Amino acid sequence: QIFEDALARSRGREEGLRSGMWTPAVDIYENNESVVVRAELPGVEKDRISVEVKDGILSLRGERKFEKEVKEESYHRIERSYGNFQRSFSLPVSVDQEKVTAKFKDGVLEVILPKREQAKPKQIKVNVVE
């Protein structure tokens, strides 16, 4: 606890509001049809999220506002970060930038980046010659 208290004091206010830039956790995976990006954005309102694809870069931006229902002085502990966020990712050339879609549900932003037709794996039937 001594180290924790000293570290907290060295950062500024001991149990204070952390605002400014923060970084949401992101999972990125690929299947045969698309590349999928999922970002955890709990507490972020849908209209405060921006998704942009330009020149082979996917950019996620937004803001999580501090709820003003309770005065800051009344909090015992504030561990969540507030303020703006921005994440950018280079896209593979196989992604069709014109067909990108995004949906936001239960605090998770899912961006689906479909692959171009020529980038999708092709199944080739093998004929048996007798």
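In what follows, the accompanying structure is described. Fair warning: this is a prediction, and the values are worked out from it, not measured in the lab.

Rules behind the numbers
Residues numbered from 1 in each chain as written. Predicted model: local features only at pLDDT ≥ 70, side-chain atom pairs only at ≥ 80, totals over all residues. Heavy atoms only, no water. Phe/Tyr/Trp six-rings, centres within 6.5 Å; stacked < 30°, edge-to-face > 60°. Helix = DSSP H or I, 4+ residues; strand = E, 2+ residues; numbered from the N terminus. Buried < 20%, exposed > 50% of the residue type's maximum accessible area, 1.4 Å probe, protein only. Lys NZ or Arg CZ within 6 Å of the ring centre and 35° of its normal. Core = buried A, V, L, I, M, F, W, Y, C linked by side-chain atoms within 4.5 Å. Contact = heavy atoms within 4.5 Å. Polar contact = N/O pair within 3.5 Å; in protein donor to acceptor, adjacent residues only side chain to side chain. Pairing = 2+ DSSP bridges. Axes fitted to C-alpha atoms, helices over the stretch in contact; angles between N-to-C directions.

Some points on the packing of aromatic side chains
Thinking step 1. Scanning the entire structure with this criterion turns up 3 aromatic pairs.
Thinking step 2. Between F66 and Y82, the ring centres sit 5.1 Å apart and the planes meet at 90°, which makes this aromatic pair edge-to-face. With F66 in the loop between strand 5 (57–64) and strand 6 (81–90) and Y82 in strand 6, the pair connects residues that are 16 residues apart, well separated along the chain.
Thinking step 3. The exposure class of F66 is buried, given its relative accessible area of 12%.
Thinking step 4. Residue classification places Y82 among the buried residues on the basis of a relative accessible area of 6%.
Thinking step 5. Counting every residue linked through ring pairs, the aromatic cluster contains F66, Y75 and Y82.
Thinking step 6. Seen from the ring of W22, R64 lies directly overhead, with NZ or CZ sitting 4.0 Å from the centre.
Thinking step 7. In this structure, R64 is placed above the aromatic ring of Y82, and the distance from its NZ or CZ to the ring centre is 5.7 Å.

Comments concerning the nonpolar core
Thinking step 1. Membership of the largest hydrophobic core comes to 16 residues, with the highest contact counts inside it found for L41, L58, L60, L109, V111 and L113.
Thinking step 2. Listing elements by their share of this core, those giving two or more residues are strand 3 (34–40), strand 5, strand 6 and strand 8 (108–114).
Thinking step 3. Every residue in contact with L109, bar those within four places of it in the chain, is listed here: V37, R38, A39, L41, I49, V51, L60, A102, K103 and F104.

A short note on the environment of D55
Thinking step 1. As for its position among the elements, D55 is in the loop between strand 4 (49–54) and strand 5.
Thinking step 2. Between the alpha carbons of D55 and Q97 there is a distance of 8.8 Å; along the sequence they are 42 residues apart.

Remarks on the side chain of K115
Thinking step 1. With respect to the helices and strands, K115 occurs in the segment after strand 8.
Thinking step 2. Exposure remark for K115: the relative accessible area of 10% places this residue in the buried category.
Thinking step 3. Reaching out from K115, the side chain makes a polar contact with the side chain of E30 at a distance of 2.7 Å.
Thinking step 4. Here N31 takes part through its backbone oxygen, which lies 2.8 Å from a polar atom of the side chain of K115.

Quick notes on the sheet that holds strand 7 (residues 101–105)
Thinking step 1. Strand order in the open sheet made by the 4 strands is 2-3-8-7, with antiparallel pairing throughout. Two strands lie at the open edges of the sheet, namely strand 2 (26–30) and strand 7, each paired on one side alone. Strand-to-strand twist in this sheet, taken as the mean axis angle between neighbours without regard to direction, amounts to 15°.
Thinking step 2. Two strands pair when backbone bridges link them, and strand 2 and strand 3 are joined in this way by 5 bridges, in the antiparallel orientation. Bridged to V26 within strand 3 is A39.

By themselves, these are just geometric observations and shouldn't be taken as functional.
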